[in-house]
Number of protein chains: 2
Amino acid sequence: MKRLAVTKEELIAEFFQSLVPSVILVKPQISENIGTAARAMLNCGLHDLRILKGKGDHLSEKAISASSGADILLEKAKIYKTLADAVNDMNYVVATTARRRDMVKTIYSPEKVVEVFNDKIKSGQKCALVFGPERTGLDNDDIALCDAIVEIPLNPIHPSLNLAQAVLLMGYEWYKTTANMAEKQLYVGKEPIAEKGAVLKLFEHLETELENRDYFKVQNKKTRMQRSIRNIFGRIDLTEQEIRTLHGVISHLIRRIE
Amino acid sequence: MKRLAVTKEELIAEFFQSLVPSVILVKPQISENIGTAARAMLNCGLHDLRILKGKGDHLSEKAISASSGADILLEKAKIYKTLADAVNDMNYVVATTARRRDMVKTIYSPEKVVEVFNDKIKSGQKCALVFGPERTGLDNDDIALCDAIVEIPLNPIHPSLNLAQAVLLMGYEWYKTTANMAEKQLYVGKEPIAEKGAVLKLFEHLETELENRDYFKVQNKKTRMQRSIRNIFGRIDLTEQEIRTLHGVISHLIRRIE
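Residues numbered from 1 in each chain as written. Chains lettered and ligands numbered in written order. Predicted model: local features only at pLDDT ≥ 70, side-chain atom pairs only at ≥ 80, totals over all residues.

### Notes on unusual backbone geometry
All names here are of chain A.
Next up, step 1: In this structure, Ser68 is a non-glycine residue whose phi angle is positive, near 45°.
Next up, step 2: Inspection of the secondary structure assignment puts Ser68 in the loop between helix 3 (61–66) and helix 4 (71–76).
Next up, step 3: On the basis of neighbour counts, which here come to 17 C-beta atoms within 10 Å, the residue Ser68 falls in the partly exposed class.
Next up, step 4: Residues other than glycine seldom take positive phi values, yet Asp214 does so here, at roughly 65°.
Next up, step 5: Counting through the fold element by element, Asp214 comes out in the loop between helix 9 (196–212) and helix 10 (222–234).
Next up, step 6: With 7 C-beta atoms counted inside 10 Å, the residue Asp214 sits in the exposed group. (Helix = DSSP H or I, 4+ residues; strand = E, 2+ residues; numbered from the N terminus. Buried ≥ 20, exposed ≤ 12 C-beta atoms within 10 Å, placed from the backbone.)

Listed below in structure tokens is the structure:
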């Protein structure tokens with residue numbers, strides 16, 4: 001059995017060895033964008049940054065400051081001259097692009113492409129996402145080198161994203177598949193959710209005090225009224241502490257004000 | 001039947017009338033962040049921006065410039081003093097928060113919360129997402145006002161997002177549910193995908209020329225070899241033009257060089 005990583009250093013070392021999609025920035029023009037892209041990568045569990053050098057400098061002060069602590073990715077970034085060089089050791093490469101080109105090419109949704117990546121990574125294949133220069137995007141020769149295209153669905157009235165935002169959305173889609181987050185959970189801290197018996201005792205406490213005060217005076221409506229109240233509290237997953245709180249609320253409400 | 005919006009002005013007017021989740025920024029401190037948050041909202045089909053005024057000024061040059069053309073959202077932004085005021089006309093309000101608090105509260109994943117929003121919006125309810133100030137996040141009283149919490153899954157090694165990035169990720173999750181994008185499609189422009197008959201004719205062309213050149217000389221392996229080749233091209237959804245291209249490739253390959 002695999003030993004669980006314990007220290008932060010071990011976690012980080014393990015992270016940099018994990019097989020996850022690479023990010024290839026083709027000729028980024030603005031240093032800040034390289035930094036914010038690196039930050040987005042680290043946010044989303046991506047670590048292999050490859051750059052085809054453009055005007056932007058990934059080791060400049062601006063890039064490092066914009067990375068907000070993700071400078072380790074900038075330091076480790078690999079530099080290439082051509083996209084062919086950058087994808088040489090890759091098995092499956094997907095281009096991100098906003099405009100449709102006159103090319104016969106598979107277009108994936110972001111969700112689907114990370115599913116495809118996951119399947120390939122499970123069989124040991126190396127995958128990469130390619131992002132073009134800020135203003136112009138990828139040229140057609142670069143896209144032809146890629147196996148497929150991914151399109152991010154955005155409001156057609158205002159679809160332009162900056163480079164780091166595109167990296168963030170794709171990285172986020174990737175990270176979600178690995179994070180396996182619960183869709184819905186009730187955060188209760190250390191407090192246990194009450195058992196049904198305790199909930200029923202609360203109902204009985206409330207109903208007894210209501211009964212004593214003639215709340216159920218029309219006897220043939222009593223069951224329906226009771227049921228309505230139980231349905232209100234039944235929609236809440238009450239903790240043991242909350243049950244105690246509500247007992248206290250009832251006990252105080254019935255006090256006579258002197 | 002609803003008439004389809006035709007002009008860009010009509011599309012925009014329709015967009016601003018659509019019932020979509022509101023975004024409430026609680027005391028944003030940095031003007032640029034309000035601008036980039038507005039840009040992210042417009043990217044993702046959100047238009048109702050509500051602000052509890054902090055140090056940031058949503059009508060400053062910095063905010064407008066950072067919004068990259070989404071300044072209409074800044075102009076239309078509604079300003080409030082308290083979160084209670086801002087959510088007064090809302091039916092369902094969800095807080096975004098990174099830290100877990102000592103509160104019993106439902107926590108949703110981003111995907112699940114937009115599903116919940118969609119259900120509520122279909123029955124005419126108004127929903128909002130609440131984002132706290134940049135450094136401190138929402139305070140516990142503000143969170144107690146909200147119906148639930150949404151947590152964005154991020155790499156625990158480096159989970160910090162800036163305000164606009166958080167707005168973008170949540171907005172993107174929302175927009176995806178409305179965009180209904182195909183998971184996978186082959187972009188072929190105006191070119192039709194070939195019918196099977198045309199694909200078979202291509203196979204026959206290739207196989208005849210191979211047969212003529214003794215490719216299938218071991219007769220008992222012929223079927224298997226044929227099948228392998230057909231499986232290669234069968235994995236591709238060829239267009240009619242591509243079929244013509246491949247016929248041309250075969251015709252040229254068999255030419256004798258003088």
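### Quick word on the relation of the copies chain A and chain B
Next up, step 1: Mapping chain A onto chain B calls for a screw motion: a turn of 180° about the axis and a shift of 0.1 Å along it, with 0.1 Å RMSD after fitting. Such a combination of turn and shift is consistent with a two-fold rotation axis.
Next up, step 2: Taken together, the interface assignments show that 100% of the residues at the interface of chain A recur at the interface of chain B, consistent with an identical surface on both copies. (Least-squares fit on C-alpha atoms with pLDDT ≥ 70 in both. Contact = placed C-beta atoms within 7 Å.)

### Some remarks on the interface of chain A and chain B
Next up, step 1: If you look at the interface, chain A gives 47 residues, while chain B gives 47 residues.
Next up, step 2: Element by element, the count of residues in the side of chain A that touches chain B is highest for helix 8 (residues 163–179) of chain A, at seven residues.
Next up, step 3: Judged from the four bridges that link them, strand 8 (residues 184–187) of chain A and strand 5 (residues 105–108) of chain B form a sheet pairing that is antiparallel. When the sheet's bridge partners are listed, Tyr187 of chain A is paired in strand 5 of chain B with Lys105 of chain B. (Pairing = 2+ DSSP bridges.)

### Brief notes about the domain arrangement of chain A
Next up, step 1: With domains assigned, chain A is organised as domain 1 (8–179) and domain 2 (196–253).
Next up, step 2: The distance between the C-alpha centroids of domain 1 of chain A and domain 2 of chain A comes to 56 Å. (Domains from an automatic or database assignment.)

### Looking at the nonpolar core
Next up, step 1: Met41, Val130 and Val167 of chain A together with Met41, Val130 and Val167 of chain B are the most contacted members of the largest nonpolar core, which has 114 residues in total.
Next up, step 2: When near neighbours in sequence (up to four residues on either side) are disregarded, Val130 of chain A contacts Ile24, Val26, Leu83, Val93, Val94, Ala95, Thr96, Leu138, Asp142 and Cys146 of chain A. (Core = buried A, V, L, I, M, F, W, Y, C linked by C-beta atoms within 7 Å.)

### Let's talk about the sheet that holds strand 1 (residues 22–26) of chain B
Next up, step 1: The strand order across the open sheet built from eight strands is 8(A)-5(B)-7(B)-4(B)-6(B)-1(B)-2(B)-3(B), with neighbouring strands paired in mixed fashion. Strands at the two margins of the open sheet, each flanked by one partner only, are strand 8 of chain A together with strand 3 (78–80) of chain B. In this sheet, adjacent strand axes meet at a mean angle of 30° when their direction is disregarded.
Next up, step 2: Across the face of the sheet, helix 8 (residues 163–179) of chain B comes into contact with strand 1, strand 4 (92–96), strand 6 (127–131) and strand 7 (148–150) of chain B while running at roughly 155° to strand 6 of chain B. (Axes fitted to C-alpha atoms, helices over the stretch in contact; angles between N-to-C directions.)

### Quick word on helix 2 (residues 31–43) of chain B
All names here are of chain B.
Next up, step 1: Look at helix 2: 19 Å from first C-alpha to last across 13 residues, which is about the 18 Å you get at 1.5 Å a residue.
Next up, step 2: Within the span of helix 2, buried status applies to Ser31, Asn33, Ile34, Gly35, Thr36, Ala37, Ala38, Arg39, Ala40, Met41, Leu42 and Asn43.
Next up, step 3: Looking at the buried residues of helix 2, the elements they touch are strand 1, strand 2 (49–52), helix 3 (61–66), helix 4 (71–76) and helix 8. (Expected span 1.5 Å × (residues − 1).)

### Some thoughts on the sheet that holds strand 4 (residues 92–96) of chain A
By definition, the strands of a sheet pair up through backbone hydrogen bonds, in either a parallel or an antiparallel sense.
Next up, step 1: Reading across from one edge, 3(A)-2(A)-1(A)-6(A)-4(A)-7(A)-5(A)-8(B) is the order of the eight strands in this open sheet, with mixed pairing throughout. Of all the strands in the sheet, just strand 3 (78–80) of chain A together with strand 8 (184–187) of chain B have a single pairing partner and so form its edges. Ignoring strand direction, the axes of neighbouring strands in this sheet form an average angle of 30°.
Next up, step 2: In the sheet, strand 4 of chain A pairs with strand 6 (residues 127–131) of chain A via four bridges, with the strands oriented parallel. In the strand pairing of strand 6 of chain A, Val93 of chain A is matched with Ala128 of chain A.

### So, helix 2 (residues 31–43) of chain A
One turn of the α-helix equals 3.6 residues, which is why residues spaced by three or four share an orientation.
Residues and elements named next belong to chain A.
Next up, step 1: With respect to burial, helix 2 is a largely interior element, twelve of its 13 residues being buried.
Next up, step 2: Along its buried surface, helix 2 packs onto strand 1 (22–26), strand 2 (49–52), helix 3, helix 4 and helix 8.
Next up, step 3: Phi for Gly45, located one or two positions after helix 2, is positive at around 75°.

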